[in-house]
Every structure is written in C-alpha cells, then in structure tokens.
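Next come the chains, spelled out residue by residue.
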Amino acid sequence: MSIASATLAKDSAVRASVQRTPAALILIGLAWIIFAVVLLLPLYIVVTQGLQRGLDVFWNAISEPDAISALKLTLLATGISVPLNLVFGVAAAWCVTKFEFRGKSLLITLIDMPFSVSPVVAGLIYVLLFGSQGVFAPFLQAHDLQIVYAVPGIVLATIFVTFPFVARELIPLMEEQGTTEEEAARLLGANGWQMFWHVTLPNVKWALIYGVVLCTARAMGEFGAVSVVSGHIRGMTNTLPLHIEILYNEYNIVAAFSVAILLLAMALVILLLRQWSESRLSRSLVRDDE
C-alpha cells in the first residue's frame, strides 16, 4: 500500500470514528429535526392545502387570467433583471479584481448595499424618485412616462435587490486567481475582449452560472420592494408572490396555496440548477488546487 493510500485510509477511519460519537449523532439528529420542522413541514402543508380539493381546482387556480398575468410578469421581470445584473456583475467583478483605482472600497460597499437595505426601503426610494410627488415626477409627466405602479418600477426594484449576487460570486474567485494569466495573454498580443473571452471567462464560468441561478431565484421570489412599487393592480402589476398575498387576504386559501405550489415548483427547478452549478464549481476549484 502506498503512502497516499495509507493516509487516505487513515483519514477515512478518523472521519468514521468521529461520525459514530454520541455528540455527532445527536447533532446530526437535531439538524434533521430542525430541517424537517422549518422546511419540510411548511412545504408539506403548502402542497396538501393546494391539492386538497383535487387537481381540477388546482388547475383552475393557476390557469385563471390573473394568475397567468402574474406568472408572465414574474418571468418578464426576472428575464430583464437577470441579464442586466449578469452584465453588471461581470463588469464590477472585473474592475474590482483586475484594476487598482481610487474609490474601489466604496464600489465594493455599494455592491453589498442591497444585502443590508430592507427591500421595503428600496421600494420606497423608487417611489420617492419616480412617484407622482417624486423628484423626477415633472419630467415623467411631461413625457407621459409611468415608472412606479407599472412594469418599469417592478423591474427596477427587482434589479436593485438582486444585483449583488453575480458580482459577489465572481469577486472572491477572480481575486484568488489573480492577474497572471491575463498579463500573459496581453504579452502574447491579446486585446481586452480576447483576454476576457478566452482566459477569464473559462476560469469563472461555473461561479458565473451559480451567481445567475441565485439571482434568478431571488428575482422570482421578491416580495417587499415589488410590493411597494407595484400598486397591487390585479392582472397588471401583480407578480406571483403578490398574487398569492391577495388570494390569501381574500380568504381564498386553496387558490393561494395552489399558486404557491406553482411558485414552489419554479423554485425547485432553480434549486436543482443551483445544486448542479455548485457541484461543478466545487469540482473546478478542486482541479485548480491540484
């Protein structure tokens, strides 16, 4: 047996002995209990409540015009905000990791701002800027533009709350990789676009996909900021989370949980994509370390 094999076998034995200790078993059991109570039980309630009157009632709830409109608006806001945040995240990560400039720390702080600012506050900011009594109200009224209580306001609010996700996945990885490969490519005559496309992007593609998946999940489920700027106009400015709230407030419990199942199914797809991208990212990091 080689030294490497002996070391691997020894590590496996140590891990197995640790896993069999009473303290480890208790912690694992507590983790499963908390997971079941906090996550699995609510999901079970959502599914059972939504399907308690049968598939016909469930289908009618998710296929009625207001639900279809909410689904389309959710996909539209997500489809606009995610590509824009993709471009912003890549540009911000490139600037922060590849260049030294005055105000770099301020830029990093601004990138992290949506993590600390309440989504409701973000929505109020847009109302103060673009509402009927807002800063830009005279200009918007003169040009017959509607931002707040319309689709543009929903898109802006979604962009604000989701824009850190792509950048925050890329920045640590690009900082760790440094600028050696880009400098070598420049010495070989590559321009900026060629360096990005052939050197930087292949090194960060899985982190980029992971950031996009997280951004998509956040955009589809956003409630606070969108609730403030949407105006709750049924069939026009309601996304799926807002539509669920309206149905629940109207005591239409079965319909509310039925639409919640639809949103849950979309979240499950995003979760599977996240798991896939996370595993690919981990494998790529392991290969880089080797």
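Residues numbered from 1 in each chain as written. Predicted model: local features only at pLDDT ≥ 70, side-chain atom pairs only at ≥ 80, totals over all residues. Heavy atoms only, no water.

**Here we look at the overall build of the protein**
The criterion, for reference: Working definition: helices are DSSP H or I runs of at least four residues, strands are E runs of at least two. Numbering for both runs from the N terminus. Note on exposure labels: buried denotes an accessible area under 20% of the residue type's maximum, exposed denotes more than 50%, and partly exposed covers the range between, all computed with a 1.4 Å probe on protein chains only. Contacts between residues were defined by any pair of non-hydrogen atoms, one from each residue, lying within 4.5 Å. Method for areas: the Shrake-Rupley scheme with a 1.4 Å probe, in which residue coverage is limited to the protein chains shown.
When its secondary structure is counted, the protein shows 14 helices and 0 strands. Counting the 290 residues in the protein, one finds 37% classified as buried. At a minimum sequence separation of 6, the contacts of the protein that also span at least 24 residues come to 73%. Just so you have it, the protein exposes about 17100 Å², and 68% of that area is on carbon and sulfur atoms.

**Topic: empty space enclosed by the protein**
Applied cut-off: Cavity and pocket criteria rest on a 1 Å grid covering protein atoms alone: a 1.4 Å probe that fits but cannot get out defines a cavity, protein on both sides within 12 Å along at least 5 of 7 lines defines an open pocket, and an atom within 4 Å of a point defines a lining residue. Grid points are joined across faces, edges and corners, and a volume is the space filled by probe spheres set on the points. We call Asp, Glu, Lys and Arg charged. Ala, Val, Leu, Ile, Met, Phe, Trp, Tyr, Cys and Pro are nonpolar, and the rest, Gly among them, are polar.
Applying the stated criterion across every chain yields a total of 2 cavities of 30 Å³ or more. Put simply, the parts of the chain that give the lining of the largest cavity at least two residues each are helix H4 (65-98), helix H8 (151-162) and helix H11 (192-221). Its residues assigned to classes, the lining of the largest cavity shows 6 nonpolar, 4 polar and 1 charged. One number sums up the size of the second largest cavity: a volume of about 30 Å³. Lining the second largest cavity, in full, are Val-90, Leu-170, Met-174, Phe-196, Leu-201, Val-204 and Leu-208.

**Things to note about the environment of Ile-80**
Note on placement: Ile-80 falls in helix H4. The spacing of Ile-80 and Leu-156 is 76 residues in sequence and 9.5 Å in space, taken between C-alpha atoms.

**Topic: the UniProt feature "transmembrane region" (unreviewed entry) in the protein**
Heads up, the condition is: UniProt positions are given in the numbering used here, feature names are shortened, and annotations may be inferred rather than shown by experiment.
Residues annotated by UniProt as "transmembrane region" (unreviewed entry) correspond here to residues 24-47, 67-94, 106-127, 147-167, 207-233 and 253-273. Counted over residues 24-47, helix gives 100% and strand 0%. Its end C-alpha atoms are 33 Å apart.

**A look at the layout of surface pockets**
Counted as a void, the largest pocket has a volume near 340 Å³. Taken together, 13 residues line the largest pocket, and the ones lying closest to its centre are Leu-39, Leu-264, Ala-267, Leu-268 and Leu-271. When contributions to the lining of the largest pocket are tallied by element, the ones reaching two or more residues are helix H2 (22-51), H11 and helix H14 (253-289). When its residues are assigned to classes, the lining of the largest pocket shows 11 nonpolar, no polar and 2 charged.

**Focus: unusual backbone geometry**
For Tyr-149, which is not a glycine, the phi torsion comes out positive at approximately 65°. With respect to the element layout, Tyr-149 can be found in the loop between helix H7 (137-142) and H8. The class of Tyr-149 is partly exposed, set by a relative accessible area of 42%. Here the phi dihedral of Tyr-251 falls at roughly 60°; this positive angle occurs in a residue that is not glycine.

**Quick look at the confidence of the model for the protein**
The test is simple: Per residue, pLDDT captures the predictor's confidence, and it can take any value from 0 to 100.
Chain-level pLDDT for the protein is 83 on average; 90% of the residues reach the 70-or-more range. In the predicted structure, residues 1-10 sits below a pLDDT of 50 and forms 1 contact with residues beyond four places in sequence or in another chain.

**Describing helix H6 (residues 119-130)**
What counts, and what does not: Every helix has an expected span of 1.5 Å times one less than the residues it contains. This arc is taken over the directions from the axis of the helix to the C-beta atoms.
If you check H6, its first and last C-alpha atoms are 17 Å apart, about what 12 residues at 1.5 Å a residue would give, namely 16 Å. Three or more residues of H6 are buried, namely Ala-122, Gly-123 and Tyr-126. Seen from one end, H6 has its buried residues packed into an arc of 100°, which puts them on one side. Buried positions along H6 lie against H8 and helix H12 (224-230).

**Considerations on the packing of aromatic side chains**
Let me state the cut-off plainly: Centres within 6.5 Å make a pair out of two Phe, Tyr or Trp rings, where for Trp the six-membered ring is used; the pair is then stacked when the planes are under 30 degrees apart, edge-to-face when over 60, and tilted otherwise.
Overall, the coordinates contain 7 aromatic pairs when judged by the stated rule. Geometrically, the ring pair formed by Trp-32 and Phe-35 is edge-to-face, given 5.7 Å between the ring centres and 90° between the ring planes. Of the two residues, Trp-32 and Phe-35 are both situated in helix H2; the distance of 3 residues between them amounts to about one turn of the helix. Taking 5.6 Å as the distance between ring centres and 20° as the angle between the ring planes, the aromatic pair formed by Phe-130 and Phe-136 counts as stacked. Assessed through its relative accessible area of 39%, Phe-136 is described here as partly exposed.

**Points about the packing of H4 against H8**
Using the following cut-off: The axes used here are C-alpha line fits, helices contributing only the stretch in contact, and every angle between their N-to-C directions lies in the interval 0 to 180 degrees. Reported orientations rely on four angle classes, namely roughly parallel under 35 degrees, roughly antiparallel over 145, roughly perpendicular from 65 to 115, and oblique for the rest. The sense of a crossing depends on the near helix, which, turned anticlockwise from the far helix by less than a right angle, makes the crossing left-handed and, turned clockwise, makes it right-handed.
One way to put it is that H4 packs onto H8 with a least axis distance of 9 Å and a crossing angle of 50°. Of the possible angle classes, the one that applies to H4 and H8 is oblique. For H4 against H8, the interelement crossing comes out right-handed. Between H4 and H8, the residues in contact are Leu-73, Leu-76, Ala-77, Ile-80, Ser-81, Leu-84 and Asn-85 and Val-151, Ile-154, Val-155, Thr-158, Ile-159 and Thr-162, respectively. Split by residue class, the contact of H4 with H8 holds 9 nonpolar, 4 polar and no charged.

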